[in-house]
Amino acid sequence: MKKQIIVKRYHRYDKTRDVLYRGSCEFEKKDHSIILRYQENNKDANVTCEVIAACDHIEIKRSGETKSTLYFEAGKQTKGILTSPYGEIEITLFTYRYLRKENVITLEYDILHGENIDSGYRILWSIKEGHYE
């Protein structure tokens, strides 16, 4: 089924904000998960995104020039994989908050380098039936 989404990203430390995607997506409910599939079209590349939001964790898969598979679970340190033509890089993630409701998904996390914080983001997926203004 098609739904409309807006995907907003907030940087946890420098407070910058941007809209990653605004438009339609494939919306599916399967095995107690919400699955969103959409195509980001930005000036650099087309990126296919799949978000699998289960009750207790979320997985984000992005496929473009670089592929990523990121796994998040609230209150836990997890791993993600970035794949490029030059090889794979494993990254460490710490999830502060993950919330999934019928019409909104919120994720707040840091990217770690050893014991240090490299960066951190909050991503918000707003989902609705009609069109966003």
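These numbers were taken from a predicted model, which means no experiment stands behind them. (Residues numbered from 1 in each chain as written. Predicted model: local features only at pLDDT ≥ 70, side-chain atom pairs only at ≥ 80, totals over all residues. Heavy atoms only, no water.)

Asks: What's the story with the pairing of strand β4 (residues 46-53) in this structure? I'm lost.
Replies: Two faces make up the sheet, and in a regular strand the side chains alternate between them. Counting buried positions along β4 yields 6 of 8 residues, so the element is predominantly enclosed. As defined by bridge partners, strand β3 (residues 33-41) adjoins β4 across 8 bridges and the pair is classed as antiparallel. Note on β4: the bridge partner recorded for Tyr38 is Cys49. Note: β4 against strand β5 (residues 58-63), 6 bridges, orientation antiparallel. What sits directly across from Ile52, in β5, is Glu59. (Buried < 20%, exposed > 50% of the residue type's maximum accessible area, 1.4 Å probe, protein only. Helix = DSSP H or I, 4+ residues; strand = E, 2+ residues; numbered from the N terminus. Pairing = 2+ DSSP bridges.)

Asks: What am I meant to see in the pattern of salt bridges here?
Replies: Pairing between side chains of opposite charge can happen when the charged atoms of each approach one another. The full count for this structure, using the stated rule, is 11 salt bridges. Where Arg37 meets Glu28, a salt bridge forms, and the shortest distance between an N and an O atom there is 3.0 Å. On the basis of relative accessible area, Glu28 is assigned to the partly exposed category, the value being 28%. Sharing partners across several salt bridges, the network here consists of Arg12, Glu108 and Asp110. (Salt bridge = Lys/Arg side-chain N within 4 Å of Asp/Glu carboxyl O.)

Asks: Any chance you could explain the nonpolar core here in plain terms?
Replies: Across soluble globular proteins, nonpolar side chains show a tendency to be buried alongside one another. Residues Leu36, Tyr38, Ile58 and Trp125 are the most contacted members of the largest nonpolar core, which totals 27 residues. Ignoring anything within four residues of it in the chain, the contact list for Ile58 reads Val51, Ile52, Ala53, Leu70, Tyr71, Phe72, Tyr98, Ile105, Leu107 and Trp125. (Core = buried A, V, L, I, M, F, W, Y, C linked by side-chain atoms within 4.5 Å. Contact = heavy atoms within 4.5 Å.)

Asks: Any chance you could explain the pairing of strand β1 (residues 2-11) here in plain terms?
Replies: The element β1 is largely enclosed, with a buried count of 7 among its 10 residues. The pairing of β1 with strand β2 (residues 17-30) spans 9 bridges and is antiparallel. Pairing of Arg9 across the sheet is with Asp18, part of β2. Connecting β1 to the antiparallel partner β2 that follows it, the hairpin turn spans 5 residues, and Lys15 within it adopts a positive phi of roughly 65°. Sheet analysis places β1 next to strand β10 (residues 116-128), joined by 8 bridges and oriented antiparallel. When the sheet's bridge partners are listed, Gln4 is paired in β10 with Lys128.

Asks: How should a positive patch on the surface be read in this particular structure?
Replies: Residues Lys8, Lys15, Arg17, Arg22, Arg97, Lys101 and Arg122 make up a contiguous surface patch of positive charge. Mapped onto the elements, Lys101 comes out in the loop between β8 (87-100) and β9 (104-113). With a relative accessible area of 48%, Lys101 lands in the partly exposed category. (Patch = residues over 30% accessible without salt bridge, like charges linked within 9 Å, V, L, I, M, F, W, Y side chains within 5 Å. Areas by Shrake-Rupley, 256 points an atom, 1.4 Å probe, with all protein chains shown as cover. Lys, Arg positive; Asp, Glu negative; His and termini not counted. Charge placed at Lys NZ, Arg CZ, Asp CG, Glu CD.)

Asks: Mind showing me how you'd approach the sheet that holds strand β6 (residues 67-72) here?
Replies: One key point about sheets: their strands pair by backbone hydrogen bonds, in either a parallel or an antiparallel sense. Spatial strand order, β1-β2-β3-β4-β5-β6-β7-β8-β9-β10: 10 strands in a closed barrel with antiparallel pairing. Taking each pair of neighbouring strands and ignoring which way they run, the sheet shows an average axis angle of 25°. As defined by bridge partners, β2 adjoins β3 across 5 bridges and the pair is classed as antiparallel. Counterpart to Lys30 in the pairing with β3 is Ser33. (Axes fitted to C-alpha atoms, helices over the stretch in contact; angles between N-to-C directions.)

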